[in-house]
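A look at the structure
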Amino acid sequence: MLHQLSSRLQVLVSAVALLVTSCAAPPAAPSDVSRAPRFAEIVPTLAHRVDDALKSVGLIDRARDVLVSRFVALGLRPVFGDDFTQPFEVALGVRATEQSLAVTSDGDPPLEAQAGHAFSPLGFSGQGAFEGGVVFAGYGITSEANDYDSYAGAADAVRGKVVIVYRYEPRDENGRSRWRRDAQGNARTGWTRHAEFATKAALAAEHGAAALLIVNPPSADGGSSLVTPTRSAGPKEASIPVMHISGELFREILERADRQPLQTSRVYEQRSNDGKTLAPTGVDVLEGVRIHGSVTLERPVATVSNVAAYLPGRGALARQVVIVGAHYDHVGYGEFGSRTRESAVHPGADDNASGVAGMILAAEALARISRQADDDRRGVLFVAFAGEERGLLGSRHFVENLTDVTVLHRAGLRRDQIVAMVNMDMIGRLRN
């Protein structure tokens, strides 16, 4: 295994070296360097397990310090003035500091719904108090391409109301999207943009809704947990409050509107899947029921840093730059971006301590070769990005702020002289 890994890393480093020199053949790396053991040494350093008291931001701070110390030891130049780091802020997630939902109806005592069990605000929800009558609007979708409109003819029936819609989009008998198909008409996994929470919220707000409540359709309501604020954060806050509610709460609302809860919810789903309107207005007004609620969210931020260093070029190629990059963050404690709901350290050995280790090995080899050779060479900018698992935040910040890369400006280099980038992401798994 180590021999196979060493061969692969040799090819990778040689390819980068070829890109830097534009030689007819890649320069040979020193034969006494065995890269696999070095790779195996670096990865655990970056993907170490730590005491649970250490928060995810602390994890990335440690990795940052490892990178800086390695670049310093190699004699590479700092990139951002006299610093190797480029700080920027990232959102740590979302938590609800205030959340309430109550149902009132004629002749019945008020129902105070339990937060976390019967309802949960979504992370991109608008904030504030709301109240209003209730309407059900199918999947809450308008799609001209699919000749489908949950709000057809609704006019003012939605304005000022609390709108309830089903999660997802029209589904076939196997529970897959009717709209996400390949060229042969076969169902593909996943959903179209119409199923996105934010799309449904924007459309409900466009029709004048006071708030939007999203519930799983009966056939997809096998006791699944509610979507939490952290797992539904978005780049933009909705203009109205948005919550995920349980099927049990939805059936209670239907019962208070004098409907047969199970039968009505199933008819709703069938009609919504078939594209048929629920009523002449396109929505079903649940007379005699009102919903009151409020949402206040807190979105804490933390400062993280891209880490970068520069190996100068020389000769005829000195005014060209190759970037070798890798993201060095992972999902921390898994509150965001994890495939599991376990709140524990996610070390990220493959994604992406492996890529960072490859970048460090390339830096070590190229720095060594640069000292031993006198040929024409492009400059190499090594960049380790933070915030990638939260939406490519570090790489976006780096590109949007290239004026911060003072080492390039001091060398008289322009943005258009960056000729290539090698991105190392998840290179640690051996397949076939």
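For the structure, check the block above.
Residues numbered from 1 in each chain as written. Predicted model: local features only at pLDDT ≥ 70, side-chain atom pairs only at ≥ 80, totals over all residues. Heavy atoms only, no water.

1. As for the overall build of the protein chain
- Looking only at helices and strands, one finds nine helices and 16 strands in the protein chain.
- The buried share among the 432 residues of the protein chain stands at 49%.
- Sequence separation of at least 24 residues holds for 80% of the intrachain contacts in the protein chain that already meet a minimum separation of 6. (Helix = DSSP H or I, 4+ residues; strand = E, 2+ residues; numbered from the N terminus. Buried < 20%, exposed > 50% of the residue type's maximum accessible area, 1.4 Å probe, protein only. Contact = heavy atoms within 4.5 Å.)

2. A closer look at the nonpolar core
- Formed by 40 residues in total, the largest nonpolar core has its most connected members in Y328, M359 and F382.
- When residues of this core are traced back to their parent elements, those giving at least two are α1 (2–21), α2 (35–46), α3 (56–73), β2 (85–91), β13 (301–311), β14 (321–327), α7 (349–372) and β15 (379–385).
- The biggest single contributor to this core is α7, with nine residues.
- I164, Y166, W179 and Y268 belong to the second-largest nonpolar core, a separate cluster that totals 34 residues. (Core = buried A, V, L, I, M, F, W, Y, C linked by side-chain atoms within 4.5 Å.)

3. Let's talk about the side chain of R171
- As for its position among the elements, R171 is in the loop between β9 (162–166) and α4 (197–206).
- Classification of R171 as buried rests on a relative accessible area of 8%.
- At 3.5 Å, the side chain of R171 forms a polar contact with the backbone oxygen of G175.
- Ignoring any residue separated from it by four or fewer positions in sequence, one finds R171 in contact with Y139, R176, R178, W191, P217, S219, A220, E269 and N273. (Polar contact = N/O pair within 3.5 Å; in protein donor to acceptor, adjacent residues only side chain to side chain.)

4. Examining the sheet that holds strand β10 (residues 211–215)
- In spatial order, the strands read β4-β3-β12-β6-β9-β10-β11-β5; together these eight strands make up an open sheet with mixed pairing. Of all strands in the sheet, those with a lone pairing partner are β4 (108–112) and β5 (119–121), marking the two edges. Strand-to-strand, the axes of this sheet are offset by a mean angle of 30 degrees, without reference to chain direction.
- Pairing analysis gives 10 bridges linking strand β3 (residues 95–105) to strand β12 (residues 284–298), with the strands arranged antiparallel. Considered in β12, the bridge of S105 is made with V289.
- With respect to the sheet, α4 is in contact with β9, β10 and β11 (242–245), its orientation differing from that of β10 by roughly 140 degrees. (Pairing = 2+ DSSP bridges. Axes fitted to C-alpha atoms, helices over the stretch in contact; angles between N-to-C directions.)

5. Focus on unusual backbone geometry
- With a phi close to 75 degrees, Y168 is a non-glycine residue in the positive phi region.
- Positionally, Y168 belongs in the loop between β9 and α4.

6. Concerning the pattern of salt bridges
- Following the criterion strictly, the structure yields 15 salt bridges and no others.
- The partner of D61 in a salt bridge is R64, with the nearest N and O atoms 3.5 Å apart. Taken as a pair, D61 and R64 lie in helix α3 at a separation of three residues, close to a single helical turn.
- Since its relative accessible area comes to 22%, R64 is described here as partly exposed. (Salt bridge = Lys/Arg side-chain N within 4 Å of Asp/Glu carboxyl O.)

7. Quick look at the environment of V103
- Tracing the backbone through its elements, the reader meets V103 in strand β3.
- Between the C-alpha atom of V103 and that of R290, which follows or precedes it by 187 residues, the distance is 5.9 Å.

8. Regarding the side chain of T264
- The residue T264 is located in helix α6 (residues 261–274) in this model.
- Once you skip the residues sitting within four places of it in the chain, T264 turns out to touch L254 and R259.

9. Examining α4
- Of all the residues in α4, the buried ones are F197, K200, A201, L203 and A204. Viewed along the axis of α4, the buried residues span an arc of 165 degrees, placing them on a single side of the element.
- Count one or two residues on from α4 and you reach G208, which has phi positive near 90 degrees. (Arc of directions from axis to C-beta.)

10. A short note on the environment of T45
- Following the sequence through the fold, T45 ends up in helix α2.
- You can call T45 partly exposed: its relative accessible area is 38%.
- In sequence terms T45 and A349 are 304 residues apart; their C-alpha atoms lie 9.6 Å from each other.

11. Re the pairing of β9
- With respect to burial, β9 is a largely interior element, five of its five residues being buried.
- Because side chains alternate across β9, one face comprises the buried residues V162, I164 and Y166, and the other comprises V163 and V165, equally buried.
- Bridging between strand β6 (residues 128–136) and β9 involves three bridges; their strand directions are parallel. Bridged to V134 within β9 is V162.
- Regarding the hand of the β-α-β motif, the stretch spanning β9, α4 and β10 is right-handed. (Right-handed = clockwise from strand over helix to strand, strands pointing away.)

12. Quick look at the environment of V383
- Structurally, the position occupied by V383 is in strand β15.
- When its relative accessible area of 0% is taken as the criterion, V383 is described as buried.
- Between the C-alpha atom of V383 and that of A308, which follows or precedes it by 75 residues, the distance is 4.3 Å.
- If we skip the residues at most four places from it in the chain, V383 touches V307, A308, I323, V324, G325, A326, M359 and F398.

13. Details of the packing of aromatic side chains
- Tallying each qualifying case throughout the model produces nine aromatic pairs.
- Relative to Y268, the ring of F136 lies with its centre 4.1 Å away and its plane at 10 degrees, an arrangement referred to as stacked. Within this pair, whereas F136 is found in strand β6, its partner Y268 is found in helix α6, the two being separated by 132 residues in sequence.
- Residue classification places F136 among the buried residues on the basis of a relative accessible area of 0%.
- The class for Y268 is buried, based on a relative accessible area of 4%.
- Taken together, F136, Y139, Y166, F250 and Y268 form an aromatic cluster joined through their ring pairs. (Phe/Tyr/Trp six-rings, centres within 6.5 Å; stacked < 30°, edge-to-face > 60°.)

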